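Okay, here's what each chain looks like letter by letter:
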Amino acid sequence: MAYNQDAIVTSSQDGVMESSRNGNLSEPSPVKLTHLKVAKVFPTVRKEEEKPGVDDTAKEKVKVSKKQVFPWLCKFNALCREAAGSRSYKRLDDLMEVYTRHVAQDVKNCYKKPNRASKVKAKMNDYMKLFHMLYRDIRRPLEYNYYLDRMSDLLAMYLDMEIKASRRGKENPRIISDRLMSALFILLENSMGHILNAILKAKFFVKMFNEICIPIIMRVLRDIPSELNEVSYIQYVLIFKKWKVLVGRKEERQ
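Definitions and cut-offs
- Residues numbered from 1 in each chain as written.
- Predicted model: local features only at pLDDT ≥ 70, side-chain atom pairs only at ≥ 80, totals over all residues.
- Heavy atoms only, no water.
- Helix = DSSP H or I, 4+ residues; strand = E, 2+ residues; numbered from the N terminus.
- Phe/Tyr/Trp six-rings, centres within 6.5 Å; stacked < 30°, edge-to-face > 60°.
- Buried < 20%, exposed > 50% of the residue type's maximum accessible area, 1.4 Å probe, protein only.
- Lys NZ or Arg CZ within 6 Å of the ring centre and 35° of its normal.
- 1 Å grid on protein atoms, 1.4 Å probe; cavity = no way out; pocket = protein on both sides within 12 Å on 5 of 7 lines; lining within 4 Å.
- Points joined across faces, edges and corners; volume = space filled by probe spheres on them.
- Nonpolar A, V, L, I, M, F, W, Y, C, P; charged D, E, K, R; others polar.
- Core = buried A, V, L, I, M, F, W, Y, C linked by side-chain atoms within 4.5 Å.
- Contact = heavy atoms within 4.5 Å.
- Patch = residues over 30% accessible without salt bridge, like charges linked within 9 Å, V, L, I, M, F, W, Y side chains within 5 Å.
- Areas by Shrake-Rupley, 256 points an atom, 1.4 Å probe, with all protein chains shown as cover.
- Salt bridge = Lys/Arg side-chain N within 4 Å of Asp/Glu carboxyl O.
- Expected span 1.5 Å × (residues − 1).
- Polar contact = N/O pair within 3.5 Å; in protein donor to acceptor, adjacent residues only side chain to side chain.
- pLDDT = per-residue confidence, 0-100.

**Observations regarding unusual backbone geometry**
Part 1: Positive phi is not limited to glycine here, since Glu189 has a value of about 55 degrees.
Part 2: Structurally, Glu189 is set in the loop between α9 (173-187) and α10 (192-201).
Part 3: A positive phi angle is found at Asn190, which is not glycine, with a value near 60 degrees.

**Observations concerning the packing of aromatic side chains**
Part 1: Inspection of every chain in the model, using the stated rule, returns 11 aromatic pairs.
Part 2: With a centroid separation of 5.5 Å and an interplanar angle of 70 degrees, the aromatic rings of Tyr99 and Phe131 are classed as edge-to-face. Of this pair, Tyr99 sits in helix α6 (residues 89-108) while Phe131 sits in helix α7 (residues 114-138), placing them 32 residues apart in sequence.
Part 3: Overall, Phe131 belongs to the buried group, its relative accessible area being 0%.
Part 4: The ring of Phe204 carries Lys164 above its face, with NZ or CZ at 5.0 Å from the centroid.

**Digging into empty space enclosed by the protein**
Gaps left between atoms are located by rolling a probe of water-molecule size over the structure's atoms.
Part 1: Taken as a whole, this structure holds one cavity of 30 Å³ or more when the rule is applied.
Part 2: When its volume is computed, the largest cavity comes out at roughly 80 Å³.
Part 3: For the largest cavity, the lining is made up of 12 residues, of which Ala83, Ser86, Arg87, Ser88 and Leu134 are closest to its centre.
Part 4: Where the lining of the largest cavity is concerned, the elements lending two or more residues are α6 and α7.
Part 5: A class-by-class count of the residues in the lining of the largest cavity yields five nonpolar, four polar and three charged.

**Digging into the nonpolar core**
Part 1: Counting residues in each nonpolar core, the largest one holds 64 residues, and the members touching the most others are Met124, Phe131, Met151, Leu154, Leu155 and Leu184.
Part 2: At the level of secondary structure, the elements contributing two or more residues to this core comprise α5 (73-83), α6, α7, α8 (144-165), α9, α10, α11 (210-222) and α12 (230-247).
Part 3: The residues touching Leu184, leaving out its near neighbours within four places in the chain, are Leu155, Leu159, Ile195, Ala198, Ile199 and Ile216.

**Observations concerning a nonpolar patch on the surface**
Part 1: Together, Ile224, Leu228, Tyr233, Ile234 and Leu238 make up an exposed nonpolar region whose accessible area comes to about 460 Å².
Part 2: You can see Tyr233 is positioned in helix α12.

**A few points about the pattern of salt bridges**
Part 1: What the rule picks out here adds up to 11 salt bridges.
Part 2: Between Arg101 and Glu97 there is a salt bridge, and its shortest N-O distance comes to 2.8 Å. Residue Arg101 and its partner Glu97 are located together in helix α6, separated by four residues, close to a single helical turn.
Part 3: Residue classification places Arg101 among the partly exposed residues on the basis of a relative accessible area of 48%.

**Considering α6**
Part 1: Taking 1.5 Å per residue, 20 residues should reach 28 Å; α6 reaches 28 Å between its end C-alpha atoms and fits that length.
Part 2: Of all the positions in α6, only Tyr89, Leu92, Asp93, Leu95, Met96, Val98, Tyr99, Thr100, Val103, Asp106 and Val107 are classed as buried.
Part 3: Backbone nitrogen of Lys90 and a side-chain oxygen of the N-cap are separated by 3.4 Å at the start of α6; the cap is Ser88.

**Some words on the confidence of the model for the protein chain**
Part 1: For the protein chain, per-residue confidence averages 76 on the pLDDT scale, and 68% of positions sit at 70 or higher.
Part 2: Segment residues 1-40 is flagged for pLDDT under 50; beyond a separation of four residues in sequence, or across chains, it makes 56 contacts in the model.
Part 3: The low-confidence segment residues 56-65 (pLDDT under 50) makes five contacts with residues lying over four places distant or belonging to another chain.

**Structural notes on the environment of Pro225**
Part 1: Tracing the sequence through the fold places Pro225 in the loop between α11 and α12.
Part 2: Assessed through its relative accessible area of 40%, Pro225 is described here as partly exposed.
Part 3: In this structure the C-alpha to C-alpha distance between Pro225 and Met192, which are 33 residues apart in sequence, comes to 9.9 Å.

Following this line, the structure appears as structure tokens:
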């Protein structure tokens, strides 16, 4: 299955866009590039204020609502802007660690609240894209797994928020499944071990959400490598057992 990466803007794509606007085909500097990416996720207040036809009262309500749901987000956005252009893996790792620590509590508070889960998963999607773009700018082979480990933890929580938000009944389950599969394979750079790890850590891969969960598990079980190390073998066994529980009756598994 091919996964659409339109939502993930790569460095080369940003470079072409920036250079063509300036009439210069040379690649833009990393600092400008990263600031451009951060600006896409964190638009400035001034730009929001300049939008015509937006009611000030409505904007104020949105701001208050965001502060209530994500009281820590303003300070975290400031950290993101400070890290823009640094091309430092340590700063990215610190950002992901801080974000994971804060968002974990928000996720925990959403386990019984589909509407709140919808807000959290939307924000998580934005920040995971940002982390992935920053990572692709500074990718270093020796530090590869550290990013994947942290992103795997974030994706486990994101899976739960997407699945819990589905209780609102506003989206087709198959669309949600496809979106989650794209997130897993793109943000985890097709690392099957980390993809399996994220699925195993998710709490809502249960029978109640069969329509979302079964297609995801069937996808990862479709292409099992012929040779597996001990850890991968155990992961696949656990995933297979989870699939058996989800499918239920023997005749349904065939």
